[in-house]
Every structure is written in C-alpha cells, then in structure tokens.
Amino acid sequence: MIELLLRSRYVVGSIVLALLAYLIVFGEKVGYEQSIGSFFAEDDPDMNVYQDAATKFGDDNFVFLVYDDPDVISPAGMDRAADLAAAVGGGSIPGVMRVESIDAMPLVWAIDDALLAVDRLPGFARKAAMNAALGAVKNIDLKTNKMTVGGAVRSTDASRLGPIKERLTKNPMFVGTLIDSTATTTAVVARLRKTNDHDVVSTIKALREKADAFAERHHLPRPAVVGPPALLGDGFAAIEVDGRRLAAVGMILIALVTLSAVRSVWWAIVPMAAGWTVWLATETLLSRFHIRLSLSGGPLVAQIIVLTMPAASHLAIHFRDDRRKLPARDAARETLSKVSTPIVWTAITGAIGYLALLTSDVLPIQQFGAILGTCTLVAAILVMALAPIAMLPPFPLEIPVRQGSKSRVSGLMNRLTVLVHQHPTIVVATVAAVTLPLSLGVFRLTYETNYINLFKPQARVVRDYGTVENKLGGIGLVEIVAPVGPKGLDYDAIAKLDRVGRTIRGLEPENPRAIAQVLSLATVMDPDGRIAALDEQARARVLAGKLELIEASPQASLLRSFWNPEAKETRILVRLLEQQPAAAKASIFHRAEEAARAEFGPEAHLTGLSFLMTKTTEGVVATQWSTFAWSALGILVMLTLAFRSIVLAVLALLPTLLSVAFVLGLMGWLSIKLDIATALVASVALGLSVDDTFHCLIQFHKLRKTRGFRRSLFASYAVSGPGVLLSSLAVAIGFLALRTSEFEPFVNFGTMVAVATAGSTLGNLVLLPACLTLGERLRRRAVAASSSSPAHPATSRAPLPPVVPPPVISGDAPPAARTSGGNGSS
C-alpha cells in the first residue's frame, strides 16, 4: 500500500488539483438557515408551540426603526413619520409585510369618546350612528382624518398640541412602543414576513439603507434598527463574512507555521490543498442535498482547514527526521510505515468524538458533529494521499536536510524528557497545583441568553439596542397565548387580560426597566378603564361596537395580532429588557406564565422569539455535558482498543481531560459565558487534543514490546514530541484566526480552543511521560517487593540493573543530565 502511494503520488496529486480547480470554479456555496427554527428539531415541542402561535396571530418578526425627532408631535413630525413608513413599506422591501407608524394610528381616546357618546343615544339613533361610523372608517384618510394621530395633529393649532402630546405619552398603546415619554423619539414598526419567505440579511440591510437615507433627507441622527430579526440577520451576515475571511487567514497562518518549522513549501501546500478541497467539497455536497447551516455552524470553515494539520505536522516532522538518516525514498517509506497507523487511529477516534455530538437534542450541534466527524476522516486520508508529493516532489521547493545532521528540536525534546523522567513527582504535583484550582472555575460558569452580547461592542446592532432600550425600554419579545373560553371575547376576558398585564408589569419592582411593556386586548380595547366603569349591558355594547370599528378600519390586522376568533384564543405581548441576566429573564418567563394560568387556566402558555433564543442557549449548554461524556467515552473505547490496555487508555486521556477542565475553569474565572459557540469548546478540544496523545503513545507502546521502558520513552518522544509541538502550534494559530471574527462567540471559541490545545500539548509532553514514569516505578517496586518475599529468597538479593543514559536520537549528543538510581532503565 505504501509503495502504491509513492508510485502514484503524481496521479493522486493531479486528481486532487483537478478536483480543487473544479470546486473553485463550479462548486456550490452552502446556504445558512436564517430562522430561529434552524436551532430546533422538527418535532421540538417549544418550536411547535411557537409555530402554532405564529399561525394564529402572525409571526412576531418585528423590527423597530427608531429615530430622534424633537418635533414629533407636529405636522412636520407626522409627515416625517409617514415618509419613513412609506419608504420601508408599500412593497419597497419584499421582506416587509406591514408597517405601523404613529401618524397612522387611531386616536384611541377620541374613538372611546365617540363610542361612549353614541351609547348614550336612544336605541334607534345608536344603531344609525354606528352604521355611519362603520361606513366612515372603511374609507378613512389616515393623513387628514381627525380620528388618527396624524390627522388630529395636522388639523390642530400648534398652541393646542399640548393635550395630544400629553395623552400620547401616557397611553400604554403608544408610550414605549411608538413614542418615548418625552415625545422626542418615535419608532416605525415593520412586521416582516416568515423567515422562509425572504432573505433576512438582505431585508435588514435594506431597512437600514432606507432608514439612513431618510435621516439624511431630513437632517436627523441616524435611526436605530432593532428587533430579533436584526439580531439574527446580523449574526448570519457576520458568519458569511467570517467564513471566507477565516478560511483565508487560517490557511495562510498554518502555511507560515509549517514553512517556518520544516522549511519546505511542499509541506505548507499539502495541508492547505487538503483543507481547501475538503471544505469546498463539503460546501458543494451540503448545497446539493439542500442542507443549510445554522448560526453555530460559523466555526466550521476554520475547523475543517485546521483538521488537516495534525496529520500533516507529524508526517512532515517524521520525514524530516528520517531524512537525516536515509535517502529520500527510503525515508518516505519509513515515515509512512511509522505514521500511517497513528494517523488512521487518530482520524477514526476524532471522528467518533465529533459524531458523539449527534446525541445532542439541539439541531445545530448534531449538524456540527456530523460534518466535523466526516471531514476528520476525509482530511486525514487526503493528507496521507498528498504527503508523498511533499516527500518526493517533482522539483525542490525546500531547504534540504543533510544526512547525519542533528535536530536541535529533538535535542531539546530529549533534555525535556530527561528532566521529566528524573522528577516525575514534582511534575505531577506542579500540574495538579496549577490545574486543579483553576478548574474550580467551572462551577462559576454561566450561560449567555442576551443575544446582543454575541456581537462586538462596536457593532451597529449593539449600539442601536443600547440607544433604543434606554429610550423606549426593552425590545426582547415574548408572548402568552391564552384561551378565553366558550363565551368568546367578552368584558370578563378583557378584565382578566388587564389583571394579568398589571401582575406582569409588577413582577420586578426593584428594576422597573426589566419589563418595558405589556400589550393585550385590554390595552387596545380599554387602556383608560373608561369602558370598565360602565354597567354590564353598556360595557357589552361599547365593546362590541369598538370591535366592529377596528375590524372595519385599516388597523384590522392589529386586532388579529391579539385575537383569533376561530380558535377563541388571545395573545399577550410582553416586551422586556434584552440586556439583563439570564436568571432574571428566566424568572420573568416563569412568573409571567404563572400569572396567565392563574386567570385563564393551565392551557395558557408562554412562547416568543426571546423565549426561544433563551431556550436555544439553555439547550446548547445543557447538552454540552452529555455530548462531552459521550465523546470521552467513545475516545476511551478507541484508546483501549488501540493500546489493548484500559489503564494506558485512561492515562492517555488524562492530559486532554485536564486541559479541558483547565479551559472551562478559566472561562469561569474570567466570566466568559457559555453560548452557542463556547459550549462546544470541551468536545472540540477533546477531539483535537487526542490526536497528539495517539502519536506520542502508539510509538511508545510499539517500542515497549522490544525495548526497555526508558529507551522506548525517549525514542518515541524524540520524534513525536516535535510533531506535537508543530501540530499544536498550527492548530492553536489556526483557531486564533477566529479572533478576527465579527461575532463574539467565535472570538471566544477560537481563543479557548487555542488555550486548550496549548494545555493539552504541555500535558502530552510533560504530564504524560511523568505519569508513565511513575507507573513504571510502581510496577518495578511491586515486582521487587514480590521478588523479595520469603517465597523467592534468592532473587531478593539480586541488584537492580544499572542506570543507562538516554539514547542518542537523530545524531544528538547524549544529554549531560543523568538519571538517579531507581528511575528505571532498559
């Protein structure tokens, strides 16, 4: 097989090069699922509840376009609001379904005045007056009719605008939603279509462009554009930008690290060509099978590029070392013979570790694990297939290694192994003293439910949210769906909604900003409580009349957002501060649902985008530990099969587990929260770090069968150690490329995986040989104790073998340091 690889290297290289060229020119780009549904399985109960509510009341895909205008309550202010509403509505942006602005809203108190006046008329006159009102609202002119805010403001003398302004800034339908309490900030609210019916990224971009052009026309400050669709849209936009940039940065950094380490352009080309081919092929296959990536799929690009590095690094270092002793072809044959086995084992083990993520209940995690598990296998195979070209290239692009030369890195590795071998107890104690206290930070870990914090502070969406939540209150949106019973919508139901609203508004008395607004039919139908003051019959008449008027008006769709007569269900919208602790938000969700159930029974339930976003992060964090456990178990099984020893397998897993505990603890101490990306750090670090463990131990395990312990240890680490250093350095730098991401979770994810990789490297090069040495000492003492027992009097007096200096590796002189008696020798 090895000879076949060497002979066919140019054919294999040509095939890969042709495939890469085809994928660059004709390959398809993967799409991203731009909806909250991409985070959930199809049968997820929380998602089903949300979809059911969306069917009955419409999606709560609201985007607020908020701008400062010192003269909102003036004819010119109404004209400006109408201008922005017309710019983003009316079919100008395909993703926008409907627009609400303050100028087109009904003058609700004037309507109540008219209805109460009509109700005082005699029966025959009351009916005639209602018929006339119904006819009038069907053809109402929103700009000039005095029953709208815009019409009232435009038809009123400037000196008499004060009462209108006062009523608007106190009415719960307006304040905090369409206008602030000072009447100097207003909002146009755009309701978007279902996410499957439009491109969210393009829609948000178009809304911002229209809003910015509006501000420029009227010499106003730039509007803020906020809402859950803006968060999702900006997240996916950042991923699309990051994907291409991170792939390029990652490949360049990895190539530079490899080039500087082995001084061969060919060895720099191999991982780049393999990684690029695997990624482009993955994109094309995903596109062909109509599989779209979700938000947490962003790091996939950088990771698939990085997956090629462990195999390439160990092959390059081993070949360079063998080249010092053998001709090129013999060195290539020797390297492939020694390294192919650990590469296959590491590829299968890494794939099993990633595929364990399929046990998660969170769809993006399953997707992430399936793609990385498959790509791990393919990347390793492709690197092995391309490696012969770098070993026996068509023309030289390297600084050649002289036969008989010495490797300074191997010499340093020998000296490090000598120190570890001499002082294993000190090494283990030092690692424990550093790692264990830092690992305790894992108990301080919290999760991030504030999606605003997923973006860098300088991002527009972050600044916009800060502005809007300071002026209008929280933009986080949840909804409570409640059945009103067989009687349908009567005043008892309105009274219940009012009580629920007041209860929810009072849930956080110590933080009044926590809950910005509670909107329901009670807000729409009787915001001032004037209808409640009527007798029972009058209440029923006025309520029925108001429903008829709203249903006949241009604002009929607004009513449908709160009331579904077919299902006899109503909806309460709760706006809360998005930027508050996860525990506080979860408490509001729970108590708000309890308040609704106290009035409407156990069938009342909570849903909404903000709730689903919180559930997404909770699900990712909750599944982190189970998927990590399955990954560790799968890797442990593979290590046991490879070494045929459960003790050695556990020992091999120890450095990786300690590095993962170290990095999670560090996150806890540094207050880096778990989110949709950082929750994957443990499983990813586990899958990456075990590669180096395999390369260190497989050769040791093989040599141990024919050589003594000490010779096996030094011989295996002399070449595997430099390979581990190069592999880990390239992986760490590759992941640090994620620090250029615009998405904060990926920045933290890349940093933490890089730290975990560095930690596991120290573990593999320092802790692992120390533990092996201590284990050998215990074994030898047990043998000596057994030999000195009364049953073996003759052997009890036999001396231990003399200490032998460490072997000379790759032409290095023996280290000056010598081991002390009792360390064990071959």
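Residues numbered from 1 in each chain as written. Predicted model: local features only at pLDDT ≥ 70, side-chain atom pairs only at ≥ 80, totals over all residues. Heavy atoms only, no water.

Let's talk about the overall build of the chain
Line of reasoning, step 1. Counting secondary structure elements, the chain contains 28 helices and nine strands.
Line of reasoning, step 2. For the chain, the C-alpha atoms occupy an extent of roughly 125 × 65 × 45 Å along the three principal directions.
Line of reasoning, step 3. Burial analysis of the chain (826 residues in total) assigns 58% to the buried set.
Line of reasoning, step 4. In the chain, the proportion of contacts linking residues at least 24 apart, taken out of those at least 6 apart, comes to 81%.
Line of reasoning, step 5. With the model as given, the accessible surface of the chain reaches about 33,000 Å², and the carbon-plus-sulfur share is 63%.
Line of reasoning, step 6. Where the 79 positive side-chain charges of the chain centre and where its 69 negative ones centre are 12 Å apart. (Helix = DSSP H or I, 4+ residues; strand = E, 2+ residues; numbered from the N terminus. Buried < 20%, exposed > 50% of the residue type's maximum accessible area, 1.4 Å probe, protein only. Contact = heavy atoms within 4.5 Å. Areas by Shrake-Rupley, 256 points an atom, 1.4 Å probe, with all protein chains shown as cover. Lys, Arg positive; Asp, Glu negative; His and termini not counted. Charge placed at Lys NZ, Arg CZ, Asp CG, Glu CD.)

Concerning the packing of helix α14 (residues 328-355) against helix α26 (residues 681-704)
Line of reasoning, step 1. Between α14 and α26, the least distance of the axes is 9 Å, while the angle of their chain directions is 160°. Considered as vectors, α14 and α26 are oriented roughly antiparallel to each other. Handedness of the α14/α26 crossing: right-handed. Where α14 abuts α26, its residues V339, P342, I343, W345, T346, T349, G350 and Y354 lie against S683, V684, G687, L688, V690, D691, F694, H695 and I698. (Axes fitted to C-alpha atoms, helices over the stretch in contact; angles between N-to-C directions. Parallel < 35°, antiparallel > 145°, perpendicular 65-115°, else oblique. Left-handed = near helix turned anticlockwise from the far one by under 90°.)

As for the sheet that holds strand β2 (residues 96-100)
Line of reasoning, step 1. With antiparallel pairing, four strands are arranged side by side in an open sheet as β2-β3-β1-β4. Unpaired on one side and paired on the other, β2 and β4 (224-226) mark the two borders of the sheet. With strand direction ignored, the average angle separating the axes of adjacent strands in the sheet is 20°.
Line of reasoning, step 2. With three bridges connecting them, strand β1 (residues 62-68) and β4 associate as antiparallel partners. When the sheet's bridge partners are listed, L65 is paired in β4 with V225.
Line of reasoning, step 3. Against the sheet, helix α4 (residues 75-88) makes contact with β1, β2 and β3 (185-192), and its axis sits at roughly 145° relative to β1, the strand it touches most.
Line of reasoning, step 4. In this fold helix α18 (residues 460-471) packs onto β1, β3 and β4, with an angle of close to 95° to the strand it touches most, β4. (Pairing = 2+ DSSP bridges.)

Overview of the environment of V690
Line of reasoning, step 1. With respect to the helices and strands, V690 occurs in helix α26.
Line of reasoning, step 2. For V690, a relative accessible area of 0% translates into the label buried.
Line of reasoning, step 3. Sequence spacing of V690 and L307 is 383 residues, and the spatial spacing of their C-alpha atoms is 12 Å.
Line of reasoning, step 4. Leave out the neighbours within four places in its chain, and V690 touches T349, I635, L639 and T656.

Description of empty space enclosed by the protein
Here the idea is plain: a probe the size of a water molecule rolls over the atoms and shows the empty space left.
Line of reasoning, step 1. The full count for this structure, using the stated rule, is four cavities of 30 Å³ or more.
Line of reasoning, step 2. In this structure, the largest cavity spans a volume of roughly 350 Å³.
Line of reasoning, step 3. Elements represented by at least two residues in the lining of the largest cavity include exactly β1, β2, β3, α20 (521-525) and β8 (569-576).
Line of reasoning, step 4. Ranked by residues supplied to the lining of the largest cavity, first place goes to β3 with three residues.
Line of reasoning, step 5. Here the residues of the lining of the largest cavity are counted per class, giving 13 nonpolar, four polar and four charged. (1 Å grid on protein atoms, 1.4 Å probe; cavity = no way out; pocket = protein on both sides within 12 Å on 5 of 7 lines; lining within 4 Å. Points joined across faces, edges and corners; volume = space filled by probe spheres on them. Nonpolar A, V, L, I, M, F, W, Y, C, P; charged D, E, K, R; others polar.)

Some details on the confidence of the model for the chain
Line of reasoning, step 1. In the predicted model, the chain carries a mean pLDDT of 83, and 92% of its residues have values of at least 70.
Line of reasoning, step 2. The secondary-structure element of the chain with the lowest mean pLDDT is helix α12 (residues 300-306), recorded at 71, while α4 shows the highest, at 95.
Line of reasoning, step 3. Note that pLDDT drops below 50 for residues 794-826; the model gives that stretch 66 contacts with residues more than four away or on any other chain. (pLDDT = per-residue confidence, 0-100.)

Observations regarding the pattern of salt bridges
Line of reasoning, step 1. This model, assessed by the stated rule, comprises 31 salt bridges.
Line of reasoning, step 2. E3 serves as the salt-bridge partner of R329, at 3.2 Å between the closest nitrogen and oxygen. Of this pair, R329 sits in helix α14 while E3 is found in helix α1 (residues 2-7), placing the two residues 326 residues apart along the sequence.
Line of reasoning, step 3. We note a salt bridge from D234 to R208, for which the minimum N-O separation is 2.8 Å. (Salt bridge = Lys/Arg side-chain N within 4 Å of Asp/Glu carboxyl O.)

Here we look at the nonpolar core
Within soluble globular proteins, side chains that are nonpolar tend to cluster in buried spots.
Line of reasoning, step 1. In terms of nonpolar packing, the biggest core is built from 247 residues, with L65, F174 and I504 touching the most fellow members.
Line of reasoning, step 2. Here the element with the most residues in this core is helix α15 (residues 363-391); it accounts for 16 residues.
Line of reasoning, step 3. Discounting residues that sit within four places of it in the chain, F174 has contacts with I102, M105, P106, V108, W109, V149, L168 and I179. (Core = buried A, V, L, I, M, F, W, Y, C linked by side-chain atoms within 4.5 Å.)

So, the pairing of β8
Line of reasoning, step 1. Among the eight residues that make up β8, eight are buried, leaving the element largely enclosed by the rest of the structure.
Line of reasoning, step 2. Side chains of β8 alternate between two faces, with E569, R571, L573 and R575 and T570, I572, V574 and L576 buried alike.
Line of reasoning, step 3. When strand β5 (residues 476-483) meets β8, the two strands line up antiparallel, connected through eight bridges. The residue of β8 that forms the bridge with E479 is L573.
Line of reasoning, step 4. Note that strand β7 (residues 563-564) and β8 share two bridges and pair antiparallel.

Quick notes on a nonpolar patch on the surface
Line of reasoning, step 1. On the surface, L19, Y22, I24, V25, F26 and W276 cluster together into a nonpolar patch covering about 590 Å² of accessible area.
Line of reasoning, step 2. Mapped onto the elements, I24 comes out in helix α2 (residues 9-26). (Patch = residues over 30% accessible without salt bridge, like charges linked within 9 Å, V, L, I, M, F, W, Y side chains within 5 Å.)

Here we look at helix α27 (residues 709-736)
Line of reasoning, step 1. Over its 28 residues, α27 extends 38 Å from the first C-alpha to the last, a length consistent with the 40 Å expected when each residue adds 1.5 Å.
Line of reasoning, step 2. Approximately 35° is the largest bend angle found in α27, and it occurs at A718, with the proline P722 only one to four residues beyond.
Line of reasoning, step 3. Counting buried positions along α27 yields 23 of 28 residues, so the element is predominantly enclosed. (Expected span 1.5 Å × (residues − 1). Bend = angle between axes of the 7 residues up to and from the residue.)

Thoughts on unusual backbone geometry
Line of reasoning, step 1. Unusually for a residue other than glycine, K568 sits at a positive phi of about 50°.
Line of reasoning, step 2. You can see K568 is positioned in the loop between β7 and β8.
Line of reasoning, step 3. Of note, the phi angle at R644 is positive, near 55°, even though the residue is not glycine.
Line of reasoning, step 4. As for its placement among the helices and strands, R644 is situated in the loop between α24 (609-643) and α25 (646-669).

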